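Chain and residue survey
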Amino acid sequence: MEKKNLDWSGIGFGYIQTEQRYVSNFKDGAWDNGCLTEDSTVVLNECAGVLQYAQTCFEGLKAYTTEDGRTVTFRPDLNAERMFDTAKRLEMPSFPKERFIDAVKQVIKANEAYVPPFGSGASLYLRPYMFGTNPVIGVKPATEYQFRIFVTPVGPYFKGGAKPLTLCVSDFDRAAPHGTGHIKAGLNYAMSLHAIVSAHADGYDENMYLDAATRTKVEETGGANFLFVTKDNKVVTPKSSSILPSITRRSLITVARDYLGLEAEEREVSFDEVKDFAECGLCGTAAVISPVGKIVDHGNEICLPSGMNEMGPVTKKLYDTLTGIQMGRIEPPKGWIVEI
Ligand code: PLP
Ligand code: COI
């Protein structure tokens, strides 16, 4: 497969249009057969459910070229499952999990020339999404939907690459108790835009959100879960019913325990104990593991001992092992790598 002539190692996290995307429509209670199309536009009625009441959700996963030239993707079954759960919570029809995985394979295969070469530092980001298409004016779910997957080659999510980030503790809440924080609804991101623009304007890379009810516990950022390392090398990730169940974070817990022999626990993390951790990172499909060097809480600076120059040592081992599995250098746990 001849790759496109792109500056693979220079691309950031942006949209580069590729040739093919997958589309399936839901009407009269059933999904159609779905197909690949070259049409990157979506034409909707002015009153479509997604436009009026934000009935939309999405997923994110990546495809990679391995060292020996295979094209692979990482745990698409978990994205299928999460989108299934998200759709249920939003009163949208669930897209069958086996069809989700089949569509993922089709769209990667059709855009194989855009899967960045091994060693470039880039990957192919897949964006499955679904939205209500028919006119809805009373507040109720749409009855017709479109499911699509487009792909785009991406580089690092944060501009500095592996340079540690500075976060601020947000005055805004991301998710309410019993709300939608645990699903990948577009509305969670729409309401975070003001917070991220404000954080950037103040010179921060991202927000740390605390739990909305007590503002004492660490939740997540706008697009990634937290991972902490204690001074005695234990991996700790915040547990909350209002954060997204990150596939990267769940995978890193297995990597920590089964590959690195570290203790790993998922538990509530109070903001007060953040100052005692040795390392901190943001984990997600886009973020991979992005190290955090400093967290600022209304002028009070918490500087992680791992500093502002590089990833902490445990974070680095987790990063190397996870990406080693994703890029085919390290034997994966059963079912994690799906070959295209
Ligand atoms: N948290 C939020 C709010 C996200 O948007 C994402 C991105 O998908 C994550 C966490 C990380 O999840 P995953 O590792 O499944 O990509
Ligand atoms: C992902 O990591 O896939 C996400 O959806 C996060 C988003 C901020 C790009």
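About the criteria used
Residues numbered from 1 in each chain as written. Chains lettered and ligands numbered in written order. Predicted model: local features only at pLDDT ≥ 70, side-chain atom pairs only at ≥ 80, totals over all residues. Heavy atoms only, no water. Near = heavy atom within 4 Å. Polar contact = N/O pair within 3.5 Å; in protein donor to acceptor, adjacent residues only side chain to side chain. Areas by Shrake-Rupley, 256 points an atom, 1.4 Å probe, with all protein chains shown as cover. Nonpolar A, V, L, I, M, F, W, Y, C, P; charged D, E, K, R; others polar. Domains from an automatic or database assignment. Salt bridge = Lys/Arg side-chain N within 4 Å of Asp/Glu carboxyl O. Helix = DSSP H or I, 4+ residues; strand = E, 2+ residues; numbered from the N terminus. Buried < 20%, exposed > 50% of the residue type's maximum accessible area, 1.4 Å probe, protein only. Axes fitted to C-alpha atoms, helices over the stretch in contact; angles between N-to-C directions. Parallel < 35°, antiparallel > 145°, perpendicular 65-115°, else oblique. Left-handed = near helix turned anticlockwise from the far one by under 90°. Contact = heavy atoms within 4.5 Å. Buried area = accessible area lost by both parts, 1.4 Å probe.

Structural notes on the site of ligand 2
Every residue close to ligand 2 is listed here: F58, G60, Y125, R127, Y157, K184, G223, T285 and A286. At 2.5 Å from an oxygen atom of ligand 2 is found a side-chain nitrogen or oxygen belonging to Y125. The separation between an oxygen atom of ligand 2 and a polar main-chain atom of A286 is 2.8 Å. Bound to the protein, ligand 2 loses 90% of the 280 Å² it would expose on its own. Looking at the shell around ligand 2 residue by residue, the classes come out as 4 nonpolar, 3 polar and 2 charged. When residues of the shell around ligand 2 are assigned to domains, at least three map to each of domain 1 (8-155) and domain 2 (165-325).

Looking at the pattern of salt bridges
Enumeration over the complete set of coordinates arrives at 15 salt bridges. The salt bridge involving E268 is made with K217; its shortest N-O contact spans 3.6 Å. Taken together, the positions of E268 in the loop between β13 (264-267) and β14 (279-284) and K217 in the loop between β10 (206-208) and β11 (225-229) put the pair 51 residues apart, joining distant regions of the chain. R267 is the salt-bridge partner of E265, the closest N and O atoms lying 2.8 Å from each other. The class for E265 is partly exposed, based on a relative accessible area of 28%. On the accessibility criterion, R267 (24% relative accessible area) is partly exposed.

Considering the packing of helix α2 (residues 76-89) against helix α3 (residues 97-110)
Taken N-terminus to C-terminus, the directions of α2 and α3 make an angle of 130 degrees; their axes are 9 Å apart at the nearest point. Between α2 and α3, the interaxial angle falls into the category oblique. In the packing of α2 onto α3, the handedness of the crossing is right-handed. Residues P76, D77, N79, A80, E81, M83 and F84 of α2 form the contact with α3, whose participating residues are K97, F100, I101 and V104. Along the lines of polarity and charge, the residues of the contact of α2 with α3 split into 7 nonpolar, 1 polar and 3 charged.

Observations regarding unusual backbone geometry
Although it is not a glycine, A54 sits at a positive phi angle of roughly 55 degrees. Assessed through its relative accessible area of 35%, A54 is described here as partly exposed. Positive phi outside glycine occurs at V288, with the angle close to 55 degrees.

Section: the domain arrangement of the protein chain
Once the domains are mapped, the protein chain shows domain 1 (8-155) and domain 2 (165-325). A C-alpha centroid distance of 25 Å is found between domain 1 and domain 2. Contacts between domain 1 and domain 2 engage 18 residues on the former and 21 residues on the latter. Summing the contributions of domain 1 and of domain 2, the shared interface buries around 1,500 Å²; its carbon and sulfur component is 66%. Looking only at domain 1, the three residues that lose the most surface to domain 2 are F58, R82 and R89, adding up to 38% of its buried area. Viewed at the interface, domain 2 and domain 1 are joined by 0 salt bridges. Summed over the shared surface of domain 1 and domain 2, the number is 7 residue pairs in polar contact (both at pLDDT 80 or more). Of all the secondary-structure elements, those providing two or more residues to the side of domain 1 that touches domain 2 are β4 (56-58), β5 (61-65) and α2. Looking at the side of domain 1 that touches domain 2, the element that brings in the most residues is α2, giving 6 residues.

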